[in-house]
Each structure stands twice: as C-alpha cells, then as structure tokens.
Amino acid sequence: RMTRLQGRPEGGGMHLDDVLTELVEHSGDRLLRVAYQLTHDAAAAQDLVQEALLRVYQPVRHRGLAPEYWYAYMRRAVINEYVRTRRLRSSTEIVTDVVPERPAAGCLEERAADQAELWAALGALSERQRAVLVLRYYEGLADQEIGALLGCREASVRSLARRGLAAMRPLVAAASAEEDRT
C-alpha cells in the first residue's frame, strides 16, 4: 500500500505528514515490536519509536526519501535511538543481586520463567550485541543488512552475535541450575 505514494513526499503527491501517518498506521506495530524486543518494556518501546520518529522527521522531509524505504529508515532510526539512549542512560538504575522468587511449577509459569531468564540474559549484553541478536533472530535479517543498520562490517556482526550468545549461555545455564536446586 505504501508503494502508491511514489515520488517526493511534498509536491505532486500526499503531504509528508499524511505519508508519515500512513507509515505509522501500517508499520507502527512492527516498529513497536522491534523496539520491545530491544527494551523488553512496552512503555520504553513506545518512547523509543516516538523519539525515533521525532529525530527523523526533518531529515526525511529534506531528503525526499521515497516512501517504500521509510520502514527500513525508521527501523534503523529505532535501533540508533536505542543504542544512543543506552549509552546516555543515567545511573538511576539500581543493580541488585537479589533475584525474585519463582512462581509455583506449571506449564505457563515455567515458560514465563524461561522467558524471564532469557530476557535477563539478553539484558546483560551490550547494546550492540543485543541489537544484533534481536535483528538476526527476531527480524530475520542477514548479517549484511544488520551491518548496514549498525554501521559495521559483516564480520563485526558475526563476532557480536557469537560473543553475545556465548555471554548468554552461562547466564541461562546458571539460572536453570539455580531452579533445579530449589
């Protein structure tokens, strides 16, 4: 549907605001899902997408980027905003070694606990490692595309993925061993 909006956003077609509105209507949920995979927080994901939209509004207006490329452009803006905010994150977070108690055993509860372990392990990674793993396994992007999004070589993408997975394995294993002891 976005392809019918060919040409410059302002001029012979729809107004830029209308095109961006349509982009958000058709791809907003997808952008939110990517942001959620990065932050694992619904409110933070919404903020991330909103900040990315605000940051790219003027550049898109001046570039005259064709609408069919806007999702990729916005996805990159979301990734960049995530990396930027992680770097600038204030020290208001409190790190603790106390782990909340696990719920009683059960199929749904066990799956939720497994997901929590996975998210905790993913959250322990650097922002670039996490971004690579989300883009590779959630978005299904090739290493070349991930490298273009993050501004690095394919070899760096593979290295970040390998180191990220290697860092996650002992965290997940330790959480599973802890669960077995209780």
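Residues numbered from 1 in each chain as written. Predicted model: local features only at pLDDT ≥ 70, side-chain atom pairs only at ≥ 80, totals over all residues. Heavy atoms only, no water.

1. So, helix α6 (residues 143-150)
- For α6, the complete set of buried residues consists of Asp143, Ile146, Gly147, Leu149 and Leu150. Taken down its axis, α6 places every buried residue within 160 degrees of arc, on the same side.
- After α6 finishes, the residue Gly151 shows a positive phi value of roughly 70 degrees. (Buried < 20%, exposed > 50% of the residue type's maximum accessible area, 1.4 Å probe, protein only. Helix = DSSP H or I, 4+ residues; strand = E, 2+ residues; numbered from the N terminus. Arc of directions from axis to C-beta.)

2. Focus: the pattern of salt bridges
- Applying the stated criterion to the full structure yields 6 salt bridges.
- Residue Arg55 is joined to Glu81 by a salt bridge in which the shortest nitrogen-to-oxygen separation is 2.6 Å. You can see Arg55 sitting in helix α2 (residues 42-63) and its partner Glu81 sitting in helix α3 (residues 70-88), a full 26 residues away along the chain.
- On the basis of relative accessible area, Arg55 is assigned to the partly exposed category, the value being 44%.
- Connected through salt bridges with shared partners, the residues Arg30, Arg75 and Glu139 form a single ionic network. (Salt bridge = Lys/Arg side-chain N within 4 Å of Asp/Glu carboxyl O.)

3. Quick word on the side chain of Arg130
- By the secondary structure assignment, Arg130 is in helix α5 (residues 127-137).
- In this structure Arg130 comes out as buried when scored by relative accessible area, which is 4%.
- A polar contact is formed between the side chain of Arg130 and the backbone oxygen of Leu38, at a distance of 2.8 Å. (Polar contact = N/O pair within 3.5 Å; in protein donor to acceptor, adjacent residues only side chain to side chain.)

4. Here we look at the nonpolar core
- Within the largest apolar cluster, 38 residues are counted, with the highest numbers of intra-cluster contacts made by Leu38, Val78, Ile79, Leu122, Val132, Ile146 and Leu150.
- Of the residues forming this core, the biggest block, 9 residues, is contributed by α3.
- Those residues in contact with Val78 that sit more than four places away from it in its chain are Leu31, Ala35, Leu38, Leu48, Val49 and Ala52. (Core = buried A, V, L, I, M, F, W, Y, C linked by side-chain atoms within 4.5 Å. Contact = heavy atoms within 4.5 Å.)

5. A few points about the environment of Glu81
- The buried category is assigned to Glu81, whose relative accessible area is 2%.
- If we ignore the near neighbours within four places in the chain, the residues touching Glu81 are Leu48, Glu51, Ala52 and Arg55.
- Reaching out from Glu81, the side chain makes a polar contact with the side chain of Arg84 at a distance of 2.7 Å.

6. What to know about the layout of surface pockets
- When its volume is computed, the second largest pocket comes out at roughly 280 Å³.
- Along its surface, the second largest pocket is lined by 13 residues, and Leu118, Leu122, Leu133, Tyr137 and Met168 are the ones closest to its centre.
- The set of elements that each furnish at least two residues to the lining of the second largest pocket consists of α4 (107-123), α5 and α7 (154-181).
- Taken together, the residues of the lining of the second largest pocket break down into 10 nonpolar, 2 polar and 1 charged. (1 Å grid on protein atoms, 1.4 Å probe; cavity = no way out; pocket = protein on both sides within 12 Å on 5 of 7 lines; lining within 4 Å. Points joined across faces, edges and corners; volume = space filled by probe spheres on them. Nonpolar A, V, L, I, M, F, W, Y, C, P; charged D, E, K, R; others polar.)

7. A few points about the packing of α5 against α6
- Closest axis-to-axis distance for the α5/α6 pair is 10 Å, and the angle between their directions is 140 degrees. Taken as axis vectors, α5 and α6 run oblique relative to one another. Crossing of α5 over α6 shows right-handed handedness. Here α5 contributes Arg128, Ala131, Val132, Leu135 and Arg136 to the contact with α6, which in turn contributes Asp143, Ile146, Leu149 and Leu150. (Axes fitted to C-alpha atoms, helices over the stretch in contact; angles between N-to-C directions. Parallel < 35°, antiparallel > 145°, perpendicular 65-115°, else oblique. Left-handed = near helix turned anticlockwise from the far one by under 90°.)

8. Thoughts on unusual backbone geometry
- The backbone of His40 shows a phi angle near 55 degrees, a positive value even though the residue is not glycine.
- Given the relative accessible area of 32%, His40 is considered partly exposed.

9. Focus: the confidence of the model for the protein chain
- The pLDDT averaged across the protein chain works out to 76; a share of 66% of its residues lies at or above 70.
- Looking across the protein chain, the model is least confident in α4, with a mean pLDDT of 69, and most confident in α6, with 92.
- Low pLDDT (under 50) marks residues 1-12, which in the prediction has 24 contacts with non-local residues, meaning those over four places away or in another chain. (pLDDT = per-residue confidence, 0-100.)

10. As for the side chain of Gln37
- With respect to the helices and strands, Gln37 occurs in helix α1 (residues 16-39).
- With near-sequence residues (within four places) excluded, Gln37 lies in contact with Trp119, Leu122, Arg130, Val134 and Tyr138.

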